[in-house]
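Notes for the structure review
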Amino acid sequence: MSPPLLEMSGVRKRYGGVQALDGAGLTAVRGEVHALLGPNGSGKSTLDKTLAGTVVPDAGTIRIDGAEASVGGPRDAHALGVAAVYQQLSVVGDLTVTQNIVLGLEPARRFGFLDQRAARDRAGAALERFAAAFAGRLPLDRPAGALGPGEQQIVEVAKALARRPRILVLDEATASLHKEQVDVLFDVVRELRADGVLVLFTSHRLDEVFALCDRATVLRNGRTVGTVELAATDEDELVRLMVGDAPHQAPRTPSDAPATPSVAAPGTSTLEVRGLSADRLRDVSFTVRSGEVLGLGGLQGQGQSELLLALFGGARVTAGEAVLDGRPLPRSSPAKAARAGVALVPGDRGRQGMFAVRPIQENLSLASMRRRATGRLALRAAAERRAATSMVERLRIKIGSLADPVSTLSGGNQQKVVIGKWLLDRPRVVLLDDPTKGVDVAAKEEIYAIIRGLAADGAVVILNSSDNRELTELSDRVLVLFEGAVAEELGADAISERRLVSSALRLAPGEKL
Amino acid sequence: MTGVLDRVRGVQLSGLATVAMLVVAVAVNASLQPNFWDSYALTSNFATFVPLVAIAVGQTIVVLSGGLDLSLGAQVTLASVVAVRIVDGSLDRYPLAVAAALGVGLACGALNGLVVALLRLQPIVATFATSFVYSGLALVVLPTPGGSVPFEVTTAYRDSVLGVPVALLLIVALALLWLVLRRHRVMRHVYAVGGDADAAYASLVPVARTRVWAYVLGGLFAALSALAILANTGSGDPFVGNELTLASVAAVVIGGTALAGGRGGAGGSVIGAIVLALVANIIFFADVPTDYRQLVNGAVIILALALAGIPALQKRRAA
Ligand SMILES: Nc1ncnc2c1ncn2[C@@H]1O[C@H](COP(=O)(O)OP(=O)(O)O)[C@@H](O)[C@H]1O
Ligand SMILES: [Mg+2]
């Protein structure tokens, strides 16, 4: 018997304190649509990237047709017949659709001068089969950045197909597609399967997986936990594989909270959100009181971050309102929201939350300077230093000196600086957007203690997390979002990792899991 | 998607702004400079434009790739002093001098490219550092102003063909060279890398090699700038390129190329360079006292940059 087309084994990859892959692998054959499944953060995208050459693993082997392959970069992967559609799009917005589809493999005449006609022909041929998704008119000469997200996704797929792969990786390629676009994509994938191509397919929509795929390999915490024939498997079993037999995690009770840092403003507050709609948010309503941690769950990108941003005045709200203690929150200005007592700890700390090369002290005191400014202008160096020092102590941030740049800290301590920056402003409402993403385990626990402390001190806490365990440990209630709307509310006794996963995947509630 | 529309509009608007600045600069200059439209004045004006136009095209390519080259002026100096030492007044040796200047430019560009792409130093820091190396070498090659360019070259440079100044033809030739380069795969990759280096890498674009190419092309245009300066002044000067670096960056910005990379083109920079040269002219003919010329020039450049930047600001506010 001939060897399988693709065999990956023992793949490991570490990012700072996070072991993204810890001995993952999979085996798949030609003419197969093979699903790669697992909860958020289980390492699916990282495994795809090691195959496509954009991530170089720390260890592990890849065999193609039985021969060990060394994939040092995307060009090696291309030579082996691998093409990928990434979860984060790799479309260059300023180039046209044609230029994107042929990018890196531009047809050229002598001396490397571009053959524009050949490029258009090739791009047209690749996009042709998706004509239905563009209402029949191929946007070959439009800048790719001017297309809608679904259309850009299709361009990505066309670009991968134009590379004539033997192995096609589709990582959440349907995430931003409409139903009709998905149908077109699935027809194309089935054609490829008939031609002997192996398609690795990752999607959070289990109905798509069952409709399209032959087998599925499941990852959990960076390890492969098994491969199943989908025809002989039901959704329950898949979810069980994805979540594992982890013991039911009791939701926190106020008494578990260890000696907690006291930072939030005292008093009691109520945040009431009524019919809030914005870009990617539909009619969200809920009420949270001081002392409560409200979790936001669901698949990634279902509007959780948008909800937090809308509450922080950073999104264009089209309907509804958020009322804090009877006063509507400002809609259009983060600065006003901050003054009204709202703080947002962003998930993408590198880009939004801090100034990496500036000193720790400056980062800590930035958001709250106006509180200590004398006559709204002058800053007193001593007061600034005192405030920063007290926060470093309360949050147990491990630092050398307040004058060191934040970039010298570990990920967990950097994130504490971002949290501390807002706590110095004594917020009544704390919005946390995936606050422990990429943070190591020990630092996670400390950040959990800080979050519990905030609630215990009477802040309204709303926590979005892509980590279901984090939600079970911290939340009093969880709102599961789907496509921008609240799909389900889980009360304290209903919160478990398994329930979160099945609810996120929109399995009927109350199924015997 | 409004963001993208705004962005496209931003580019067009700044194109308009660039042309508007050119029109204003020409009008003011024409009103101040006697006989501005006479062939003699036109010829000598265009003769001073060429070096700045050439270096601006080179800077554009580097900026489009997502980089910046603060050593371009020093490269102009080094290439020009090497060439003037070789030619030493003899027309026979002129081809050799041209080849040497081009070689110097390409070598300096390659060194910058390697430092930026392989050692991954910040372009601003890396090229600022190499600029000292290049100007230091220039001082070794030619410690004090001197040397001479064959008069055939300087005469031809200020000549005109069928009433069209040779210098204007050279500017057209530079623009054509840019148009040819634009059709080359390397320039496509330059745009892709400057637009989104990660996406370009994932799409099989050789990112590091493309960055090196961008600096090499920058060096090539620095060498062309050096040859134009020699033809214009007739002798060598180890400080001649000092002010060209910042002028090249200003020309790129005025021309509407995004300093972030990936968007724009050398057409705007050519106009930007001409605007800057006209501003220097205007200051001269407006009888600004010598001590204040530099100050006024700087203020005008800042004003022009601000005008060029307004569309970008509007875009940010709209987004
Ligand atoms: N570039 C990166 N830097 C740091 N951590 C990362 C990076 N990429 C992924 N991770 C982390 O690795 C883990 C696996 O991520 P990923 O492969 O994207 O999972 P999945 O695709 O299954 O959701 C996550 O904990 C994620 O936060
Ligand atoms: Mg992923």
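In this report, the structure presented in the accompanying data block is examined. (Residues numbered from 1 in each chain as written. Chains lettered and ligands numbered in written order. Predicted model: local features only at pLDDT ≥ 70, side-chain atom pairs only at ≥ 80, totals over all residues. Heavy atoms only, no water.)

1. Some thoughts on the layout of surface pockets
Residue and element names in this part refer to chain B. What counts is decided by this rule: Cavities and pockets are found on a 1 Å grid laid over the protein atoms alone: a cavity is a set of points where a 1.4 Å probe fits but cannot escape, a pocket is an open set with protein on both sides within 12 Å along at least five of seven lines, and a lining residue has an atom within 4 Å of such a point. Grid points are joined across faces, edges and corners, and a volume is the space filled by probe spheres set on the points. Segments assigned H or I by DSSP are reported as helices when at least four residues long, segments assigned E as strands when at least two residues long, and all are numbered from the N terminus. Each residue receives one of three labels: charged for Asp, Glu, Lys and Arg, nonpolar for Ala, Val, Leu, Ile, Met, Phe, Trp, Tyr, Cys and Pro, and polar for the others, Gly being one of them.
Its volume calculated, the second largest pocket comes out at about 1,200 Å³. Lining the second largest pocket are 34 residues, with Val240, Glu243, Leu244, Ala247 and Asn297 sitting closest to its centre. Breaking the lining of the second largest pocket down by element, the ones donating at least two residues are α2 (39-64), α3 (72-87), α5 (123-141), α10 (207-233), α11 (244-254), α12 (266-285) and α13 (290-318). Ranked by residues supplied to the lining of the second largest pocket, first place goes to α12 with seven residues. Residues belonging to the lining of the second largest pocket are distributed by class as follows: 19 nonpolar, 13 polar and two charged.

2. Things to note about the sheet that holds strand β14 (residues 317-324) of chain A
Residues and elements named next belong to chain A. Stated formally: Paired strands are those between which DSSP finds at least two bridges. Residue contacts are counted whenever heavy atoms from the two residues lie within 4.5 Å of one another. To obtain each axis, a line is fitted to C-alpha atoms, and for helices this fit is confined to the stretch in contact; angles are then taken between N-to-C directions over 0 to 180 degrees.
If you walk across this open sheet you meet the four strands as β12-β11-β14-β15, and the pairing is antiparallel. Edge positions in the open sheet fall to β12 (281-289) and β15 (327-328), since each of these has one partner strand only. Note: strand β11 (residues 270-278) against β12, six bridges, orientation antiparallel. Counterpart to Thr270 in the pairing with β12 is Arg289. Where helix α9 (residues 304-311) meets the sheet, it contacts β11, β12 and β14, and its direction lies at approximately 65° from that of β12.

3. Things to note about the interface of chain B and chain A
What counts here: The term buried area refers to how much accessible surface (probe radius 1.4 Å) is lost by two components on association, counted for both of them together. Basic side-chain nitrogens of Lys or Arg form a salt bridge, by our definition, when they fall within 4 Å of a carboxyl oxygen of Asp or Glu. Two N or O atoms form a polar contact when they lie within 3.5 Å of each other; inside protein one atom must be a possible hydrogen donor and the other a possible acceptor, and for residues adjacent in sequence the pair counts only when both atoms belong to side chains.
With 24 residues of chain B at the interface, the matching set in chain A holds 31 residues. Contact between chain B and chain A buries roughly 2,300 Å² in total, counting both sides, with carbon and sulfur atoms accounting for 60%. Of all residues in chain B, B:Arg185, B:Arg188 and B:Leu204 give up the largest surface area on contact with chain A, accounting jointly for 31% of the area buried on that side. Between chain B and chain A we count one salt bridge in total. Between B:Arg263 and A:Asp94 there is a salt bridge, with its nearest N and O atoms 3.4 Å apart. Scanning the region where chain B abuts chain A turns up ten residue pairs in polar contact (both at pLDDT 80 or more). Of all the elements in the fold, those that place two or more residues in the side of chain B that touches chain A are α1 (2-32), α7 (166-182), α8 (185-195) and α9 (197-202) of chain B. Per-element tally for the side of chain B that touches chain A: the top contributor is α8(B), with six residues. A per-class count over the side of chain B that touches chain A returns twelve nonpolar, five polar and seven charged.

4. Quick word on the sheet that holds strand β4 (residues 59-64) of chain A
Residue and element names in this part refer to chain A. One open sheet accounts for four strands, arranged β2-β1-β4-β5; its pairing is antiparallel. Each edge of the open sheet carries a strand with a single partner, namely β2 (18-28) and β5 (67-69). Recorded for the sheet is a direction-independent mean angle of 30° between the axes of neighbouring strands. Both β4 and β5 contribute to a ladder of three bridges, which runs antiparallel. Looking across to β5, one finds that Ile62 is bridged to Ala69. Those strands touched by helix α1 (residues 44-52) are β1 (6-15), β2 and β4, and its axis lies near 115° from that of β1.

These figures come from the coordinates and say nothing about function on their own.
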